[in-house]
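Here is how the chains run, residue by residue.
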Amino acid sequence: MHGRPRKAPKPEDEAASAAKAEKLRLLQSQFLSNHNNKIYTKEAVDLSATLLEINPESYTAWNYRKLAVEHHLSLLESDPDSVNSLLNEELRVVENALRQNIKSYGAWHHRKWVLSKGNTSIDHELRLLDKFQRVDSRNFHAWNYRRFLAALMNRSDQDELKYTEDMINTNFSNYSAWHNRSVLLSNLLKKKAEGFLSKEDILSEEYQFVHQAIFTDPDDQSGWFYHLWLLEQTVKDASPLLVSSWPAHGSAVNQLGDWCLDSSASSPITSFYSGLGAFPLVLYFNQAVEGVNSSTVTVESALDKNKDLIWKPLSANNSHTSQLWFTHLHFPDKKIQSLEALPVEVSLGHSQGIISSSGMHYTHPSRFSFTVRTQPVETDFAGAHQEEIISWKDEYFHIYETHSQELSLAVSFDQLHFRNGHESTTSDWRAPDWRAQVIDEEIECFRELLRSDGLKDCKIGKLTLARLLTANDKMVFPCSNKLNHSEVLELYSELMTLDPSHYHYYKDEHSLVLLQQVISNTDSMLRHSFHFRGLTSLTIGSPTCLRLNNLSLSRIGSFEKLLWVQMLDLSHNELRSIEGLEAMQVLSCLNLSKNKLSSFTALEPLRRMESLRVLDISYNEIGTHSVDTTKYLCSSPLSHSVEIEWNHDEIVTVWEAFYLLKGLNLTQLDIVGNAIADEKFKLFLVKFLPALKWLDGKHLL
Amino acid sequence: MSDLPPYPPIDPTTYDLIVVGTGLAESVIAAAASSAGKSVLHLDPNPFYGSHFASLSLPDLSSFLHQNPRPSPTQIPSNNHSDFTAVNLATTSPYSHVQISNFAPEIIDPNSTKFNLDVSGPRVLFCADKSIDLIQKSGAHFYLNFESIDSSFIADSKGELTSVPDSRAAIFKDKSLSLIEKNMLMRFFKLVQQHLVIDGDAKISEDDLETPFVDFLTKMKLPPKIKSIILYAIAMVDFDQDSKDDCRELLKTRDGIDQLALYNSSIGRFPNAPGAWIYPLYGQGELPQAFCRRAAVKGCLYVLRMPVVALLLDKGSRHYRGVRLGSGQEILSSKLVLDSSFTVEEPLSSSPRDSVQESLQVLGLRKVKRKVARGICITSSSLKSELINFLVVYPPRCLYPEQATAVRVLQMGANFAVCPSGMFVLYLSALCDDIDQGNTLLRAVIDSLIVLPTCDNPESSFTDQCENSEVKPTLLWSASYIQELNMGQVESISYSPMPDGNLNYNDLLDATVKLFQKMYPDEDFFPQTLSPDNSEDDGGLSLEM
């Protein structure tokens, strides 16, 4: 069934197939006329059987037979023998059809339908299935049918698990068997069935089992896939946890009134400006959760306007579960501004309600607090600043020089890791446990495999090792600083040369790890943090800019540690996507210049970044490639008010641009150097973005 | 002998070929010659089919092994009017140092006729053996049923038996190899498979193919444990390949690869035979018998219990003309095949020494005079509690440092109809240079596998032993003997090969085919159109599970 080369048909074969087609056409037309006239005589039904045994793909014929069966059943309701023989005849036809084509969806479906009528021997079905599975042990139709039968006869998951084991022992190159095993084990572990109470023990046994396959034949991928599933089961934390937040625990937020960046605050990364009279409160979990609302998360503060906060998920697919949730805390009115710092305390996990997508409850009660101070700012200065252009030229960025500045930054970085906020029921919740131990053993195991002769270039082995090392890092951080970033980066670099057809995947993974490496270490964070001194306004000092430029990143991640960033330079990378960037709810200035972004669709995360004011997407590839046409989520902006003539492709792109930018309140946009950015497009932007003050460095009047 | 009925007269009295002895080689020749349209007379002095390949009950086996060499009768019944010179024909028994011990007569004796014990065990057929093809091609499969030998084990120096990881699935399931060892072994199997791909580009170099297999395995960096498995439990090598000073028989890589290929293609050839081997129901004596039946269908005449006492030579040229039977009747034929236990007392005209040597080479057989030590044990329980039929290999030097050859042990149970249910038969064999060496080998294996009841009081020791070691089965009956290895040869009369020391029949049948072709250079060895009902696929061979 697998790996058999297809032979080119010989002339005589073609003649035979033409004759067969002719015969089939005749049968088909006779059958259709029977069907249309609702003729269910024995001859008519037999004709459909003949048709199906030649061509099991004829759905209409299967449906006709269902109608015929219903018709006859209604006539002989009372006679069990006749019912049986009627149904057995159906099973016989299906069996013959399956012999013709074991992969016929219609035939398998018909069989299930017949079985749903009852009256059939399931033992017989199992024997038949055994025969089919011997012919083609990984045919997924047969496996599907097996699951159907197992459910129908209430066969225990344990028995089915044993069956997968037998099948794997016969030939372990069987994706279907491994897959069914993973499904059954998930069930058993979830149910906490007898003998499946300890996930630790079960997973260890499964690792041992799959090692036999992987080591016996590393070229066979089925074992590797199962291993990947096991790894996922191991690393996914049992219960959801809060990983980080903005504002961070212990931070002092300085609210600087409208559109001002602060320099005098003790920590440059917790100062914040806002023009909305509100600032975001962001919770970042280790996995997607649902049920975050004002009853599961308590926010206590003197800001009594914030009683019933509306929490929103920040997920790409608009679902109710998300790793990141946010709300807005409202400032006191400007009239009651004071220099007093108002404490805010956030706690969650004290009551049930926050649930992970796998059904686990949030069980670690967590609490964090910060203070909010509002500084009066003259609106004149703010107004002056709004007119000022932000320039990303290197000369405006200065490294942190003095020790005290570094120290305050370093302390702030440290605060970002959310490890003290949990009222630890398990004090060592991040300390190495059995999971870390399992991963450790796996790492050793695959290092050994890759050391052996002939496997130095085993691609999937390297990839697995890289994934294991990454999982290990994730698990031990921040308790241990012995991280494997360099080794992982090396592995992905090797993979990019070994396996060029998956270059982009490896490149993305490489980028994510590179970013982790930069961010996990305070020293390297300091190296990438700069004063921005590009503003001349009197009140404006030098805000902190995180510069991750020139790192040849193709993807970005580690957002849980970047929630504080207000100014971000990602220019001169190889970004094709900015997926996940929406987590940065306080980001106001973003430089994406000189990347490989190819459409406005790729910029979609920006839509949910309400603080964004300054955006540089110059010198990308927007408009160069044929555009993604899957997004038509808003009505055409052009339907009533545009006088300019657009051709179709232009309309699509403009539409996307409008969809992306309409909700943002950008004051500065750089778009030069993209194929799309012609004069016509710029006119459109000016027209539809009334807040825009600067376009490609030109002041708009 | 005196109470036997008088010898029946045989008619006709002239044949193309007379074959004496119904061993496998003789039976195949008889069937092949009959199929080629020759008139054949097939004689055997024994009352059963199979000669040295027979499967016998305990009393028959005992008397067959103890058979005294039959000297040529001192008085040849004289036929004065004969045109021929009669030359006496003597038989020499190839068996020596026969030791048969019955440790539990109360169990064994009532059942003694319910056994079908192979004289030349242990012997099985690889599913991909040429012999299987021959059985199908000749039509002998109509008379045979096979069952599968399920598994095989290799012993280590501690006497532990571990299952032989002989296939991808077996490597996967194996519990004794480390992960890295599994990886190495499977990689080597793949290397061999790639080499065997016709027109493949991953061939093993010609230079490597000419080197000793053991050196090639070393070059592939395989650890000793895996080397031992490949050499002795898969390639079925007899002699210690690591002992360079005693390199009588170093297997070449080319031959080693062929052996691996045979083993590999045997696994899974028949859907109901999970292992590499099959074995005929009722014992291997069924094989020659099946060929005899095939020959009979084609017109071959069979006479058992018929001694041949003399050869008849042309008075002038001293060329072979015919034989004189025990009945005194003289039968003429143009060709004669004798099994190798016969010896002619006077030289025949056309047998200069060098022609004998040449014919040995033609047959591809070794000139070295060697012996094989065989043993048969009957036990009341299996060596492995959950298994019935399996093979065990003791590689050289695993029993004791001086052990020069591998010992193979085959256990089978009542499902092969070779013994009463509840009992098990173990066949042992090992090549040896002399009797002491052979006996030491057999003794060492039996000691490590089985509990021997003490001789003076079998009853009491029986229970003692059972308490001490519940794992090892207790020996009920045993036989051991040393067999000479005689190979066939071709002259105007031909000698068919005796059982060799191998596990399968391939060398033996190769020799038989060559013998036939030498005798009848213009005839096909079983023409293809033999039987119309002989289906082409493997399903033609019936395996009853």
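All of these numbers come straight from a predicted model, not from anything done at the bench. (Residues numbered from 1 in each chain as written. Chains lettered and ligands numbered in written order. Predicted model: local features only at pLDDT ≥ 70, side-chain atom pairs only at ≥ 80, totals over all residues. Heavy atoms only, no water.)

Draft legend 1. Spotlight on the overall build of chain A. Across its full length, chain A holds 20 helices and 19 strands. Burial statistics for chain A: of 701 residues in total, 51% are counted as buried. Put simply, 67% of the contacts in chain A that link residues at least 6 apart link residues at least 24 apart. (Helix = DSSP H or I, 4+ residues; strand = E, 2+ residues; numbered from the N terminus. Buried < 20%, exposed > 50% of the residue type's maximum accessible area, 1.4 Å probe, protein only. Contact = heavy atoms within 4.5 Å.)

Draft legend 2. Highlighting the overall build of chain B. Across its full length, chain B carries 15 helices and 23 strands. The 545 residues of chain B split such that 56% are buried. Accessible surface computed for chain B: about 22,300 Å², of which carbon and sulfur atoms make up 51%. (Areas by Shrake-Rupley, 256 points an atom, 1.4 Å probe, with all protein chains shown as cover.)

Draft legend 3. Looking closely at the side chain of B:Gln284. The topology assignment puts B:Gln284 in the loop between strand E11 (277-280) and helix H11 (286-297). Of the residues examined, B:Gln284 reaches a relative accessible area of 0% and is grouped as buried.

Draft legend 4. View of the interface of chain A and chain B. Listed by partner, the interface residues are 24 residues for chain A and 14 residues for chain B. At the junction of chain A and chain B, the tally comes to 4 salt bridges. The closest approach of N and O atoms between A:Asp217 and B:Lys190, which form a salt bridge, is 2.5 Å. Put simply, chain A and chain B have 8 residue pairs in polar contact (both at pLDDT 80 or more) between them. Looking at the side of chain A that touches chain B, the elements that each hand over two or more residues are helix H8 (157-170), helix H10 (199-216) and helix H14 (434-451) of chain A. For the side of chain A that touches chain B, the element with the most residues is H10(A), which contributes 6 residues. Among the residues making up the side of chain A that touches chain B, the classes are represented as 10 nonpolar, 9 polar and 5 charged. (Salt bridge = Lys/Arg side-chain N within 4 Å of Asp/Glu carboxyl O. Polar contact = N/O pair within 3.5 Å; in protein donor to acceptor, adjacent residues only side chain to side chain. Nonpolar A, V, L, I, M, F, W, Y, C, P; charged D, E, K, R; others polar.)

Draft legend 5. The arrangement of helix H1 (residues 24-35) of chain B in detail. All names here are of chain B. Across its 12 residues, H1 extends 16 Å between first and last C-alpha, which sits within 8% of the 16 Å expected from 1.5 Å per residue. Of all the 12 residues making up H1, 12 are buried; the element is thus mostly covered by neighbouring parts of the structure. Inspection of H1 places Leu 24, Ala 25, Glu 26, Ser 27, Val 28, Ile 29, Ala 30, Ala 31, Ala 32, Ala 33, Ser 34 and Ser 35 among the buried residues, and these make up the whole buried set. Gly 37 occupies a position one or two residues after H1 and carries a positive phi of about 90 degrees. (Expected span 1.5 Å × (residues − 1).)

Draft legend 6. Just the pairing of E11(B), in detail. All names here are of chain B. Going residue by residue along E11, you find Trp 277 and Tyr 279 tucked away on one face and Ile 278 and Pro 280 tucked away on the opposite face as well. Alignment of strand E7 (residues 125-126) against E11, held across 2 bridges, turns out to be antiparallel. Across the sheet, residue Phe 126 finds its bridge partner in E11, namely Trp 277. Here 4 bridges tie strand E8 (residues 146-149) to E11, and the two strands are oriented antiparallel to one another. Counterpart to Ser 148 in the pairing with E11 is Ile 278. (Pairing = 2+ DSSP bridges.)

Draft legend 7. Main features of the domain arrangement of chain A. By the assigned domains, chain A splits into domain 1 (11-120), domain 2 (157-220), domain 3 (242-421), domain 4 (431-478 + 482-517) and domain 5 (548-699). The straight-line distance from the C-alpha centre of domain 1 of chain A to that of domain 2 of chain A is 38 Å. (Domains from an automatic or database assignment.)

Draft legend 8. Seen up close, the nonpolar core. Ranked by internal contacts, the top residues of the largest apolar core, which has 137 residues, are A:Leu581 and A:Leu606. When residues of this core are assigned to their parent elements, the largest contribution, 9 residues, is made by H14(A). In this view, A:Leu581 contacts A:Ile556, A:Phe559, A:Leu568, A:Leu570, A:Leu590, A:Pro605, A:Leu606 and A:Met609; residues no more than four positions away in its chain are not counted. Core analysis: the second largest hydrophobic core is formed by 70 residues, B:Phe64, B:Val124, B:Leu251 and B:Leu260 among them. (Core = buried A, V, L, I, M, F, W, Y, C linked by side-chain atoms within 4.5 Å.)

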